[in-house]
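What follows is the residue order along each chain.
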Amino acid sequence: MKALFLRDAKPYFLLFVIAAPIAAVCTLLAFYAVPETLSVLQIVLGSLALLAGAALVIGPPLIAAFRFWGIFSQPHRIYELTLPVSCRAQLAMRFLLAFGFFVAGAVILLACTLAVVQLVDLVSLVGASAEDIFSAVYGFLSSEPILVPEVVLLLLLMAVFDLAFLFAVCAMGQYMPVSRGVTVILLYFLMTIVVFPALSNYLLLPVFLLIGNWSLPFAGLVGILFYALVDGLLLYFVYVTLSRRMNLR
């Protein structure tokens, strides 16, 4: 298990060793070291910081999907399923590894964004300064103290959904013996570009807004329960598929 963990963690560590220092250094230089007269250089440094931070958020799900897909598609990866490690442990290790680095990358990106956005003249863009926007968000969240933990938990469950859906797409290939790679890719883009936006715009958001007009905390609770249920179903599907794969090895 330890050897499997170290091998799977290697690409995540490499990503963070490269991208995290770039994001931190560019943010500090743009915010503290560059004179105000060099606005173009500030924009370049801020853009580099945000790009590096975005790589820390986009990279872990892509790495996780590639590593997990290899179990089902690459013949030489079948030996992993012969290890004395249960299906549940393998799935939990891979998922938690990707989720942990994803959350860490999101925190770094958020910190870079909050720092860089103060360098931009938001008044000319959206009609309000960064301080006004932060104050409005803080006032909204502080209107109901329970909203803060609800928002944090909801964001975490949405992150779990993103990773669980990627894992589920990889697992779906086991039920598509013909052209499963192309079919799964097309299915992924169909769901993310057409189905999910349509469900969000015409079903989820109207329902949550309707509930929110009555009670914001209750709307947050409904959202938490909804994503928790969907996440559980997706991960259970992945677990069943991986168990079936292990039984057929």
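Up top is the structure these notes are about.
Source: prediction; values computed, not measured.

## A closer look at the environment of Leu-29
Turning to step 1, where the next piece is worked out: On the secondary structure map, Leu-29 appears in helix H1 (residues 2–33).
Turning to step 2, where the next piece is worked out: When its relative accessible area of 35% is taken as the criterion, Leu-29 is described as partly exposed.
Turning to step 3, where the next piece is worked out: Expressed as a C-alpha distance, the spacing of Leu-29 and Gln-42, which sit 13 residues apart in the sequence, is 8.0 Å.

## With respect to the packing of aromatic side chains
Turning to step 1, where the next piece is worked out: The final tally for this structure, using the stated rule, is 14 aromatic pairs.
Turning to step 2, where the next piece is worked out: With a centroid separation of 6.2 Å and 15° between ring planes, the pair formed by Phe-161 and Phe-165 is classed as stacked. One end of the pair is Phe-161 and the other is Phe-165, both in helix H6 (residues 147–172) and four residues apart, which spans about a single turn.
Turning to step 3, where the next piece is worked out: Taking the relative accessible area as the measure of exposure, Phe-161 reaches 15% and is therefore buried.

## As for the nonpolar core
Turning to step 1, where the next piece is worked out: In terms of nonpolar packing, the biggest core is built from 43 residues, with Tyr-12, Phe-68, Phe-95, Phe-167 and Leu-242 touching the most fellow members.
Turning to step 2, where the next piece is worked out: With 13 residues, H6 is the single largest residue contributor to this core.

## A word on the environment of Leu-229
Turning to step 1, where the next piece is worked out: In this fold, Leu-229 is placed in helix H8 (residues 216–247).
Turning to step 2, where the next piece is worked out: Judged by its relative accessible area of 55%, Leu-229 falls in the exposed class.
Turning to step 3, where the next piece is worked out: Measuring from C-alpha to C-alpha, the distance between Leu-229 and Leu-157 comes to 9.9 Å, with 72 residues separating the pair along the chain.

## Concerning a nonpolar patch on the surface
Turning to step 1, where the next piece is worked out: Together, Val-40, Leu-41, Val-44, Leu-48 and Leu-51 line one region of the surface with nonpolar side chains, adding up to about 460 Å² of accessible area.
Turning to step 2, where the next piece is worked out: Tracing the backbone through its elements, the reader meets Leu-48 in helix H2 (residues 39–73).

## Some words on the pattern of salt bridges
Close approach of charged atoms allows side chains with opposite charge to pair.
Turning to step 1, where the next piece is worked out: This structure, assessed with the given rule, holds two salt bridges.
Turning to step 2, where the next piece is worked out: Arg-67 is paired through a salt bridge with Asp-8; the nearest N and O atoms lie 3.2 Å apart. Remark: Asp-8 occurs in helix H1 and Arg-67 occurs in helix H2; sequence separation between them is 59 residues. We note that Arg-67, like Asp-8, is buried.
Turning to step 3, where the next piece is worked out: A salt bridge links Asp-8 to Arg-94, with the nearest nitrogen and oxygen atoms 3.2 Å apart. Here Arg-94 lies in helix H3 (residues 87–116) and Asp-8 lies in helix H1, a separation of 86 residues in the sequence. Of the two residues examined, Asp-8 and Arg-94, each falls in the buried class.

## Overview of the environment of Ala-24
Turning to step 1, where the next piece is worked out: You can see Ala-24 is positioned in helix H1.
Turning to step 2, where the next piece is worked out: Take Ala-24: its relative accessible area is 37%, and that puts it in the partly exposed class.
Turning to step 3, where the next piece is worked out: Separated by 28 residues in sequence, Ala-24 and Ala-52 have C-alpha atoms that sit 9.0 Å apart.

## Some thoughts on the state of the cysteines
Turning to step 1, where the next piece is worked out: The tally for this structure, following the rule as stated, stands at zero disulfides.
Turning to step 2, where the next piece is worked out: Considering cysteine sulfurs only, Cys-112 is the nearest to Cys-26, which forms no disulfide, with 8.8 Å between them.

## What to know about the layout of surface pockets
Turning to step 1, where the next piece is worked out: Considering only enclosed or pocket space, the largest pocket measures out at about 910 Å³ in volume.
Turning to step 2, where the next piece is worked out: Lining the largest pocket we find 32 residues, and of these Leu-154, Met-158, Leu-205, Phe-208 and Tyr-227 sit closest to its centre.
Turning to step 3, where the next piece is worked out: Listing elements by their share of the lining of the largest pocket, those giving two or more residues are H2, H6, helix H7 (180–214) and H8.
Turning to step 4, where the next piece is worked out: The element best represented in the lining of the largest pocket is H7, accounting for eleven residues.
Turning to step 5, where the next piece is worked out: Tallied by class, residues from the lining of the largest pocket come to 24 nonpolar, six polar and two charged.
Turning to step 6, where the next piece is worked out: What lines the second largest pocket is a set of 15 residues, and nearest its centre among them are Ala-106, Val-107, Leu-110, Leu-155 and Leu-156.
Turning to step 7, where the next piece is worked out: At the level of elements, H3 and H6 are the ones that each hand at least two residues to the lining of the second largest pocket.
Turning to step 8, where the next piece is worked out: The dominant element in the lining of the second largest pocket, judged by the number of residues it contributes, is H6, at eight residues.

Rules and cut-offs
- Residues numbered from 1 in each chain as written.
- Predicted model: local features only at pLDDT ≥ 70, side-chain atom pairs only at ≥ 80, totals over all residues.
- Heavy atoms only, no water.
- Helix = DSSP H or I, 4+ residues; strand = E, 2+ residues; numbered from the N terminus.
- Buried < 20%, exposed > 50% of the residue type's maximum accessible area, 1.4 Å probe, protein only.
- Phe/Tyr/Trp six-rings, centres within 6.5 Å; stacked < 30°, edge-to-face > 60°.
- Core = buried A, V, L, I, M, F, W, Y, C linked by side-chain atoms within 4.5 Å.
- Patch = residues over 30% accessible without salt bridge, like charges linked within 9 Å, V, L, I, M, F, W, Y side chains within 5 Å.
- Areas by Shrake-Rupley, 256 points an atom, 1.4 Å probe, with all protein chains shown as cover.
- Salt bridge = Lys/Arg side-chain N within 4 Å of Asp/Glu carboxyl O.
- Disulfide = S-S within 2.5 Å.
- 1 Å grid on protein atoms, 1.4 Å probe; cavity = no way out; pocket = protein on both sides within 12 Å on 5 of 7 lines; lining within 4 Å.
- Points joined across faces, edges and corners; volume = space filled by probe spheres on them.
- Nonpolar A, V, L, I, M, F, W, Y, C, P; charged D, E, K, R; others polar.

Purely geometric stuff here, so don't read any function into it on its own.
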